[in-house]
Amino acid sequence: MNLPNKITLSRIFLIPIFIVLMSVPFGWGTLEMGERELPISHLLGAILFIVASTTDWIDGHLARKHNLVTNLGKFLDPLADKLLVSAALILLVEIGLAPAWIVILIISREFAVTGLRLVAAGDGTVLAASQMGKLKTWIQIVSISLLLLHNFPFAFLGFPLGIIALYLALLITVYSGYDYFKKNWHVMRDSK
């Protein structure tokens, strides 16, 4: 249990706090953004989501810099990302800021890739995240952050960057899932 893995675990432990901030009506008031309002609890949830998402870069950087890459880290890091992103996407549907069909497709891809990783792990193989998968995660985080902030600061301009970024995240998510299965199909084909 090295430092990068502890940081990854901290990301997982922040998820329930994030969920509470986004789903419990604390009544802390709202911020006015032109014709839109941003509940303070959503602002705090967005900040926590961004902080938790940043730990993804920190743990990876430390693991590579100090040669602390482990199989546990290769397993925990994408799992933590999927848990955080899935929780955020489901909450965005609940509060009416993301279409359910997009969230279903994104989460379905995550389950499919996780299933492939589990089959590989059963055969003693650890499948690390691809560059396309890392890009997918980054775009998902940007789109979710914008949506959690109710499209601030772009709401002032009437430009729906948050939802546009979510559609882009969907496209890259689906493509990266296809690419991941294409490159690793031998795991399914050769499994016992």
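Preceding this paragraph is the structure being described.
Owing to the predicted nature of the structure, the values given are computational and were not obtained by experimental measurement. (Residues numbered from 1 in each chain as written. Predicted model: local features only at pLDDT ≥ 70, side-chain atom pairs only at ≥ 80, totals over all residues. Heavy atoms only, no water.)

Q: Would you explain the side chain of T137 in this entry?
A: With respect to the element layout, T137 can be found in helix α5 (residues 131–148). Side-chain polar atoms of T137 contact the side chain of K136, separated by 3.3 Å. Contact partners of T137, with chain neighbours within four places excluded, come to D56 and D81. (Helix = DSSP H or I, 4+ residues; strand = E, 2+ residues; numbered from the N terminus. Polar contact = N/O pair within 3.5 Å; in protein donor to acceptor, adjacent residues only side chain to side chain. Contact = heavy atoms within 4.5 Å.)

Q: Explain the nonpolar core here, please?
A: Here is a general trend for soluble globular proteins: nonpolar side chains tend to be buried in one another's company. Of all hydrophobic cores here, the largest spans 31 residues; its most connected members are F18, F49, L89, L92, I144, L148 and L166. Looking at this core, the elements with two or more residues in it are α1 (3–23), α2 (40–65), α3 (71–94), α4 (100–122), α5 and α6 (161–190). If one sorts the elements of this core by residue count, α3 sits on top with seven residues. Residues V113, L116, A120 and L127 belong to the second largest nonpolar core, which totals six residues. (Core = buried A, V, L, I, M, F, W, Y, C linked by side-chain atoms within 4.5 Å. Buried < 20%, exposed > 50% of the residue type's maximum accessible area, 1.4 Å probe, protein only.)

Q: Looking at this structure, how should I read α1?
A: Turn by turn, an α-helix covers 3.6 residues, leaving residues three or four places apart pointing in a common direction. The end-to-end C-alpha distance of α1 is 31 Å, a good match for the 30 Å that 21 residues give at a rise of 1.5 Å each. Where α1 is buried, its residues meet α2, α3 and α5. Looking at where α1 begins, the residue whose side-chain oxygen comes 3.0 Å from the main-chain nitrogen of N5 is N2. (Expected span 1.5 Å × (residues − 1).)

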